[in-house]
Amino acid sequence: MKRAAGGQEVKRDDAEVKPLMESNGHSSNGHPSNGHQSEVHSSKKKAMTHTKNKRCLSGILLFAMICCAILMLEELGKSHLNPFANRAKHTANRKVKNKKKNKKKNKKLKKLPPWKRPICQSLYKTKGNKKYEYEDRQHSPLIFRRDKVMVCRTPKVGSAELRCLQRSYEKQEEFEMLKNSDCRPVERDTVSEFHDFEQPDRHKHWLYSKEVQRVMFVRHPVKRILSGFIQIAKTKQEDFWQSYGFFNKGHSPEAFRLWLFNSTFIYEYDTTCSKASTYFSLESWSQHWAPPQHCRCGIWDCDVDWKIYKVEEQSIGTVMAKYVPGPWVPDDGDRSKNYHSKSYDEKEYLTPEVLKFLNELTKEEQEFFGYKPYKIKKKENSED
């Protein structure tokens, strides 16, 4: 029906309606035509095929993600068993580059006169670091002026005994073994003079002059790391473990293994002697195991020559009696009971897995000082 302009209804012929319905895809009886039905069917078929393809692709992607996750878990498991393997991959190239650089650097340093040689990063404090300005820095050598002797000291290698020896030497009194904190030097310059940037030439005399005898005591790296952990984990407890993101785990063999394999320890112990590694000698806890001994006292970065003594072969008292003879030198029986009489079962801490890991980690340091891979001694108890 059509309405005319005046409002009257006008009838439309069937012949007029039929072509309009067919043009819209409907037959004359009002149902969709065959052509339109085929088009709808084909579009539905395409949509279903597209959906199937999407599902197949999603399935393939999901399968690939699962496979990748399995491989990652396997690698994670391997790295958990031997975290040194992953660390070695990251540091191997850097070690090679650093060795080449240091060889060239040391050759140049030997040709330069002492007064032209640069400041050793491993001996001097970070300029402007007020936090450590008045601290008794553990990487500062001890100077015995009357005998022109300088001793490189390293935590967990008789450093407390050496500090008390020097204090007795300065006071010219008989040796007295006190607590580490009570053995501060009488003359501050004997420790901090290497941190005075205003007179570097005077300091270089102690580092390079042939008139000065330079002595260094070293310890097997594996034993030093174990001893350092036991001391700090036992005395600092909660503060120590919280710094690594753990609750207090104590100082048991299980805690030692956890610390080695699941903390940042392997990154603190940097055998490449980078500038960053020298900062650990300023840190009151980490200095007991980092940096490695060959990264201290200008050995690596300034080619300073030291007469090396292994504490496993000769006692500190026996060696120092040759350089600074007097009543201030300790006898072998004078070592502090507070610091050296507490024993632990070495076998419990250094299991085959842990020992293998530590020997691999400290291989470079061992070779530098002529040590062999550490083996458990028959005697069960060891001094820390």
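Residues numbered from 1 in each chain as written. Predicted model: local features only at pLDDT ≥ 70, side-chain atom pairs only at ≥ 80, totals over all residues. Heavy atoms only, no water.

A. Structural view of the overall build of the protein. When you go through the protein residue by residue, the secondary structure sums to 17 helices and eight strands. Counting over 384 residues, the protein shows a buried share of 42%. When the accessible area of the protein is evaluated, it comes to approximately 22,700 Å², of which 53% is carbon and sulfur surface. (Helix = DSSP H or I, 4+ residues; strand = E, 2+ residues; numbered from the N terminus. Buried < 20%, exposed > 50% of the residue type's maximum accessible area, 1.4 Å probe, protein only. Areas by Shrake-Rupley, 256 points an atom, 1.4 Å probe, with all protein chains shown as cover.)

B. Seen up close, the state of the cysteines. Overall, the coordinates contain two disulfides when judged by the stated rule. Residue pairing for Cys-152: its cysteine sulfur links by disulfide to Cys-297, the two sulfurs lying 1.9 Å apart. Disulfide Cys-152 to Cys-297: torsion about the S-S bond roughly 85°, handedness right-handed. Here the residue Cys-152 occupies a position in strand 4 (residues 149-152), and Cys-297 occupies one in the loop between helix 11 (275-278) and helix 12 (299-302), the gap between them amounting to 145 residues. Of the two residues examined, Cys-152 and Cys-297, each falls in the buried class. (Disulfide = S-S within 2.5 Å.)

C. Seen up close, the sheet that holds strand 6 (residues 307-310). A sheet is described by the order of its strands in space; here four strands give the open sequence 3-4-5-6, paired in mixed fashion. Each edge of the open sheet is held by one strand with a lone partner, namely strand 3 (142-144) and strand 6. Strand-to-strand twist of the sheet, defined as the mean angle between neighbouring strand axes without regard to direction, takes the value 25°. For strand 5 (residues 213-218) and strand 6, the ladder comprises four bridges, and the chain directions are parallel. Bridge pairing in strand 6 places Phe-217 opposite Tyr-309. Helix 4 (residues 159-171) rests against strand 3, strand 4 and strand 5 of the sheet, and its axis sits at about 30° to strand 3. Contacting strand 3, strand 4, strand 5 and strand 6, helix 13 (residues 316-323) runs over the sheet at an angle of about 180° to strand 5. (Pairing = 2+ DSSP bridges. Axes fitted to C-alpha atoms, helices over the stretch in contact; angles between N-to-C directions. Contact = heavy atoms within 4.5 Å.)

D. Inspection of the nonpolar core at higher detail. Of all hydrophobic cores here, the largest spans 30 residues; its most connected members are Phe-240, Phe-256, Trp-259 and Leu-358. At seven residues, the largest contribution of residues to this core is made by helix 7 (residues 221-235). Every residue in contact with Phe-240, bar those within four places of it in the chain, is listed here: Phe-229, Ile-232, Ala-233, Trp-259, Trp-285 and Trp-289. In terms of nonpolar packing, the next biggest core, distinct from the first, is built from 23 residues, Val-151, Cys-164, Ile-316 and Val-319 among them. (Core = buried A, V, L, I, M, F, W, Y, C linked by side-chain atoms within 4.5 Å.)

E. Inspection of the packing of helix 9 (residues 253-262) against helix 16 (residues 352-361) at higher detail. With their axes 11 Å apart at the nearest point, helix 9 and helix 16 run at an angle of 40° to one another. The angle between helix 9 and helix 16 falls in the class oblique. In this structure, the crossing between helix 9 and helix 16 has a hand that is left-handed. Residues Phe-256, Arg-257, Leu-260 and Phe-261 of helix 9 pack against Glu-353, Val-354, Phe-357 and Leu-358 of helix 16. (Parallel < 35°, antiparallel > 145°, perpendicular 65-115°, else oblique. Left-handed = near helix turned anticlockwise from the far one by under 90°.)

F. Up close: the side chain of Ser-168. Here Ser-168 is to be found in helix 4. Those residues within four positions of Ser-168 in sequence are excluded, and the remaining contacts are Glu-173, Glu-174, Phe-175, Glu-176 and Trp-328.

G. Examining the pattern of salt bridges more closely. This model, assessed by the stated rule, comprises four salt bridges. We note a salt bridge from Lys-148 to Glu-211, for which the minimum N-O separation is 3.6 Å. Taken together, the positions of Lys-148 in the loop between strand 3 and strand 4 and Glu-211 in the loop between helix 6 (200-208) and strand 5 put the pair 63 residues apart, joining distant regions of the chain. Residue Lys-148 is classed as partly exposed on the basis of its relative accessible area of 39%. Among the salt bridges present, the one from Glu-346 reaches Lys-223, with a minimum N-O distance of 3.3 Å. Of the two residues, Glu-346 sits in helix 15 (residues 346-349) while Lys-223 sits in helix 7, which places them 123 residues apart along the sequence. Each member of the pair, Glu-346 together with Lys-223, is buried. (Salt bridge = Lys/Arg side-chain N within 4 Å of Asp/Glu carboxyl O.)

H. Here's a closer look at a nonpolar patch on the surface. Together, Leu-62, Ile-66 and Ile-70 make up an exposed nonpolar region whose accessible area comes to about 280 Å². Position of Ile-70 relative to the elements: it lies in helix 2 (residues 34-81). (Patch = residues over 30% accessible without salt bridge, like charges linked within 9 Å, V, L, I, M, F, W, Y side chains within 5 Å.)

I. Molecular detail of the packing of aromatic side chains. Within this structure, the stated rule accounts for 23 aromatic pairs. Seen from their ring centres, Tyr-169 and Trp-328 are 5.5 Å apart, and the 90° between their planes marks the pair as edge-to-face. In this pair, Tyr-169 is assigned in helix 4 and Trp-328 in the loop between helix 13 and helix 14 (337-340), connecting sequence segments 159 residues apart. The exposure class of Tyr-169 is buried, given its relative accessible area of 2%. (Phe/Tyr/Trp six-rings, centres within 6.5 Å; stacked < 30°, edge-to-face > 60°.)

J. Broad picture of the packing of helix 4 against helix 13. Contact pair helix 4 / helix 13: the axes reach a minimum separation of 11 Å and the direction vectors enclose 35°. Crossing of helix 4 over helix 13 shows right-handed handedness. Here Glu-161, Leu-162 and Leu-165 of helix 4 lie close against helix 13, whose contacting residues are Ile-316, Gly-317 and Met-320.

Don't take any of this as a statement about function, it's just geometry.
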